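Letter by letter, the chains look like this.
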Amino acid sequence: MNPHAKLIISLSLITGTTITISSNHWIMAWTGLEINTLAIIPLISKSHHPRAIEASIKYFLTQSAASALILFSSMINAWSTGQWDITQLNNPVSCLMMTMAIAIKLGLAPFHFWFPEVLQGSSLTTALLLSTLMKLPPTILLLLTSQSLNPSLLTLLAISSAVLGGWMGLNQTQTRKILAFSSISHLGWMIVIIIYNPKLTLLTFIIYTTLTSAVFLSLNQSKILKLSTMLISWTKTPMLNATLMLTLLSLAGLPPLTGFMPKWLIIQELTKQEMTPTATIITLLSLLGLFFYLRLAYHSTITLPPNTSNHMKLWYTNKTPNTSTAILTTLSTLLLPLSPLIITMT
Amino acid sequence: MLKIILPTAMLLPMALLSPPKTMWMNTTTYSLLIALISLQWLTPSYYPSKNLTLWTGIDQISTPLLALSCWFLPLMILASQGHLQHEPHTRKRTFISALIIIQPFIMLAFSATELILFYIAFEATLIPTLILITRWGNQPERLSAGIYLLFYTLISSLPLLIAILFLHSKTGTLHLPILKLTPPNPTTQWSNLVSNLALLVAFMVKAPLYGLHLWLPKAHVEAPIAGSMLLAALLLKLGGYGIMRITLLMGPSSSHLCYPFLTLALWGALMTSSICLRQTDLKSLIAYSSVSHMGLVIAASMIQTHWSFSGAMILMISHGLTSSMLFCLANTNYERTHSRILILTRGLQPLLPLMSTWWLLANMTNMALPPTTNLMAELTIMVSLFNWSFPTIILTGTATLLTASYTLYMLLSTQRGTLPTHITSTPNSNTREHLLMTLHIIPLLALILKPELISGTPL
């Protein structure tokens, strides 16, 4: 890609995100979202492949529909209450529509259909952007409006995302689709707590971003797009594969790793709010996700020889992994003992 | 506490940095040194718990188990030398580091006084165990064994996490000595029952209770020798230890709750002993014998009397040493014949005469012959169960009889009889293996002289 175009695109991604998360006027928030959408589309369709073009069209249609819905609902709110303040979303109709629009933007469960397809059509780095940076502005909007949204609707959305993300990831063989479904189920965890403790949502988002960036960058290092490629990738980067397994188990939320921290705090908050059944349901649903993370972990490092595989071995390339992968992997496995510090910081 | 945990954690850099020639020697000596130092925990004390801090503290229940877990690290390293000798050097290193990483977590789990720390340490043992089984096992079935292990444990322990956090929101603390003093929280009957059930089931799966035990034989059969030793000697004891801790907290409302668990545990002791009688796989036989013995431990810790608790403690320690020794013996056979099938490895006494002495001793302790500590434990448990309810003697008596018969069957079929024709030459048993067996049997024999070290008078 042309370096000038790259510069402009990355600048406008940053600008769009910043405008949305720092605005308190609905029009500015909408503007930021639109800038973001328009900036990411060249990145998705970069590879001129039919799948990439299809993905960018799908992304454009859903995002612009959702943005229009956001504009519409904020206008209705402004019509009935006479102000454009984001935190003052009082009209019930616009609340409902806003929840739906943001659910479409984020890819929450009943509105999630575009997300795996778009991720599958784009490259691994763009997929990383789509599942982390592009979800930040809608999440922030949800955080700002959280006190006026309907709690039972949000809980329903959260649980259905956890169900669908776990369930539909089970029979995937493409790593990007698996990570897309993992993103959907993690969004479920973020949404379930948003009414009761919005800061915890932000913490979960940050931890999820760290974990998933580590996974995406590790996969990108050895160009793993399918499970069968993953099975033979240990010849390329043996050490990275071993740490990739730990990162994946951390994403599954197993205890001594970082991924356990958000789950622990969310369950604690939910039991404090007398929502023990919800906590039990969403915790047991995370086991669905664990199954496919475990399969990825098996493919990444555990099924080494003595097992023989039918695939041709790849050449060992003496390419050193970049520093950011190393830092992110370390963070995503070892942060749990620091959780008291992290809680006080957020 | 830290003066043992920190050296154990520093074993990891030692294993990673020591030169290839001396790696085995360094790790074994160093961990044996830690084990020797850890024995000073066993000195009797006037206070209910020694070294009590905010997070950790050791009392009469946890002391023997802590000393046992320190004792087992050098033994596990010693036992794995044989099957790793053809592996490249870096893999040996990673294997040893996986073994070492588990150790601080097990020690934290046994010594934690904060329930959430206990939970984290309890769960943290899972990933290294999974890696041990699925990475270093021998057959393709090890992958499904790993899935069984992980999912059985997690399905039961996630409700435990929720129950612990629920307890925290009700009582405001998770510190065990304080929790013992707080009265049972006045919630509804129903939520009390559900939370007690959630608190217990995780440990019942780990222990394992009959009916929730299916992951264990699979994991044992597929695991390398260190994994089997770890599971039999320490991880199952984590379950028994958890039950003893939790039942002390649950208060009188648990009296109805204990009936299904007691029934299943005693019936399971009977059933798994009979399964052992028709077992063809040596490791699977030993695994089912573990389930049967742990059934007695569960039954004893559910009725919550002083006698039953000391019986359960003695049985846990002596069964840990005995079953681990049996697994080591099975592994020495496996390394020579490459088969665990009982019919294929018969009559080894003429070939490996000293090994058959170890087989005899291990089987004697497993069938609880006098004067072993296993007998003391089983007698104590049977007496306390008999005192609780008369008809249990039928179940426990039959289970003891069956234990004796399958142990005899195991001894006779591996050691006596004619040698099968396909075994023409085997390597001699070497000093390392004899040392391993000696280090198992010495504590067993020495404890006969002073069983009050491990009898753990509960609070």
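Residues numbered from 1 in each chain as written. Chains lettered and ligands numbered in written order. Predicted model: local features only at pLDDT ≥ 70, side-chain atom pairs only at ≥ 80, totals over all residues. Heavy atoms only, no water.

*Asks:* It is not clear to me how the UniProt feature "signal peptide" (unreviewed entry) in chain B should be interpreted in this structure. Could you clarify?
*Replies:* Feature annotation in UniProt places "signal peptide" (unreviewed entry) on residues 1-17 of chain B, given in this structure's numbering. Helix makes up 94% of residues 1-17 of chain B and strand 0%. Its end C-alpha atoms lie 25 Å apart. (UniProt positions renumbered as here; feature names shortened; annotations may be inferred. Helix = DSSP H or I, 4+ residues; strand = E, 2+ residues; numbered from the N terminus.)

*Asks:* Would you take a moment to explain the packing of aromatic side chains for this structure?
*Replies:* Each aromatic ring pair is described using two quantities: the centre-to-centre distance and the angle formed by the ring planes. Tallying each qualifying case throughout the model produces 15 aromatic pairs over all chains. When the centroid spacing of 5.3 Å and the interplanar angle of 75° are considered together, the rings of A:Trp114 and A:Phe115 count as edge-to-face. With a relative accessible area of 8%, A:Trp114 lands in the buried category. A residue is classified by how much of its surface remains accessible, and A:Phe115, at 0% relative accessible area, is buried. Pairing B:Phe386 with B:Phe390 gives two aromatic rings, centres 5.0 Å apart and planes at 25°, and the pair type is stacked. (Phe/Tyr/Trp six-rings, centres within 6.5 Å; stacked < 30°, edge-to-face > 60°. Buried < 20%, exposed > 50% of the residue type's maximum accessible area, 1.4 Å probe, protein only.)

*Asks:* Mind showing me how you'd approach the UniProt feature "domain: NADH:quinone oxidoreductase/Mrp antiporter transmembrane" (unreviewed entry) in chain A here?
*Replies:* Feature annotation in UniProt assigns "domain: NADH:quinone oxidoreductase/Mrp antiporter transmembrane" (unreviewed entry) to the following positions: residues 23-288 of chain A. Overall, residues 23-288 of chain A shows 75% helix and 0% strand. The separation of its end C-alpha atoms is 38 Å.

*Asks:* What's the story with the pattern of salt bridges in this structure? I'm lost.
*Replies:* Once the charged atoms of two side chains with opposite charge are near each other, the side chains can pair. Per the counting criterion, the structure on display carries ten salt bridges over all chains. Of the charged contacts, one joins A:Glu54 and A:Lys58 as a salt bridge, the two residues approaching to 2.9 Å between their closest N and O atoms. One end of the pair is A:Glu54 and the other is A:Lys58, both in helix H3 (residues 50-81) and four residues apart, which spans about a single turn. When its relative accessible area of 28% is taken as the criterion, A:Lys58 is described as partly exposed. Across the salt bridge formed by B:Glu433 and B:Arg336, the nearest N and O atoms sit 2.9 Å from each other. Of the two residues, B:Glu433 is situated in helix H18 (residues 431-449) and B:Arg336 in helix H14 (residues 306-337); the sequence distance between them amounts to 97 residues. For the pair shown, B:Glu433 and B:Arg336 are each scored as buried. Salt bridges linked by common partners bring A:Arg51, A:Glu54, A:Lys58 and A:Glu117 together as one network. (Salt bridge = Lys/Arg side-chain N within 4 Å of Asp/Glu carboxyl O.)

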